[in-house]
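# Overview (structure and organization)
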Amino acid sequence: MDLGQVRRGVDMGPSAMRYAGLIEGIKELGFDVVDYGDITIHRSSNGSKQEQNLKNLQEVIKTSEELCRDLDQILSKGGFPLVLGGDHSMSIGSIAGISKHYKNLGVIWYDAHTDLNTADTSPSGNIHGMPLAINLGLGHPLLTEIGGYSPKVKRENIVIIGARSIDEGERELIKQEGIKVFTMHEIDRKGMTAVMEEAISYLKDRTDGVHLSLDLDALDPVDAPGVGTPVLGGVTYRESHLAMEMLAESGMITSAEFVEVNPILDNKNQTADIAVELVASLLGKKLI
């Protein structure tokens, strides 16, 4: 899906990750894999429409509801859901389908952005900058009530890692709600090992499952050039592998999504290749 913003190309992200050997790589780790394919996205023939400072609102609602239903059904069968994107607005539907299976779902938001805008604070009206706020129950009711309930996650069950592009309204919300955020300042100062240890310790006893929402723009554009909204000064390739390896060792991640891979802006599928490698690390792949 690329309806959550205006830059085309991220809708091809799942194909790029499959092409990079995602399914084969997971199978090599010993997992049974069922690929449920893509959700068909119904784009308006009239181009991008904006309602109440929300671009493509109706299309995002429809897609989110379908993804929510699909994930609800898949989780009812057991297993580990891995969702491929697409822009980050897809997490409205994914977390709605996942959270209903947990009493206290935790969310690790690995992203250059905090995605805590609402229609009132967003400078652009792009819904891909709003999904974490929506999952907190803040925003348009047709979005917050996807799946028939709200909120999907509690503020104290969220950890944001890698943030370095934060709008004023998001900054105020973070302070107001006391949301746990490790910006690039903390990563630079403490190191990724300390940040991940603190994040894991923070979530481990208060949650009964943890969803990883990883936006490839968390990585520096030098390593991951093919993303929808690149921001300089990001997490390195090796730091991201370390983060995934530590999450794998913790055993706490129960679902994941990898989003914002844009093959049009990429260099020889470099970003999709990195996404596939990070999935493998998250699922337990080790060097030795």
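The structure presented is a predicted model; accordingly, all values stated were derived computationally and were not measured.

Thresholds, definitions, all that
Residues numbered from 1 in each chain as written. Predicted model: local features only at pLDDT ≥ 70, side-chain atom pairs only at ≥ 80, totals over all residues. Heavy atoms only, no water. Helix = DSSP H or I, 4+ residues; strand = E, 2+ residues; numbered from the N terminus. Contact = heavy atoms within 4.5 Å. UniProt positions renumbered as here; feature names shortened; annotations may be inferred. Polar contact = N/O pair within 3.5 Å; in protein donor to acceptor, adjacent residues only side chain to side chain.

## Some thoughts on the environment of Met-192
Take Met-192: it is sitting in helix α9 (residues 192–204). Expressed as a C-alpha distance, the spacing of Met-192 and His-42, which sit 150 residues apart in the sequence, is 40 Å. Setting aside residues no more than four positions away along its own chain, Met-192 makes contact with Tyr-110, Ile-187, Val-235, Glu-239, Leu-242 and Ala-243.

## Structural notes on the UniProt feature "binding site: Mn(2+)" (unreviewed entry) in the protein
Residues given the UniProt feature "binding site: Mn(2+)" (unreviewed entry) here are His-88, Asp-111, His-113, Asp-115, Asp-215 and Asp-217. Taken along the chain, the residues just named run across 130 residues; in space they keep tight, none of their C-alpha pairs more than 12.3 Å apart. Following the sequence through the fold, His-88 ends up in the loop between β3 (82–84) and α4 (91–99). Within polar-contact distance, the side chain of His-88 engages the side chain of Ser-213 at 2.6 Å. Along the polypeptide, His-113 turns up in the loop between β4 (105–110) and α5 (131–135). With residues near it in sequence (within four places) discarded, His-113 still touches Ser-165, Asp-217, Thr-229 and Val-231.

## Quick notes on the environment of Thr-229
Structurally, Thr-229 can be placed in the loop between β7 (209–215) and α10 (237–250). Separated by 126 residues in sequence, Thr-229 and Lys-103 place their C-alpha atoms 33 Å apart. Leave out the neighbours within four places in its chain, and Thr-229 touches His-113, His-128 and Asp-217. A polar side-chain atom of Thr-229 sits 3.1 Å from a polar atom in the side chain of Asp-217.

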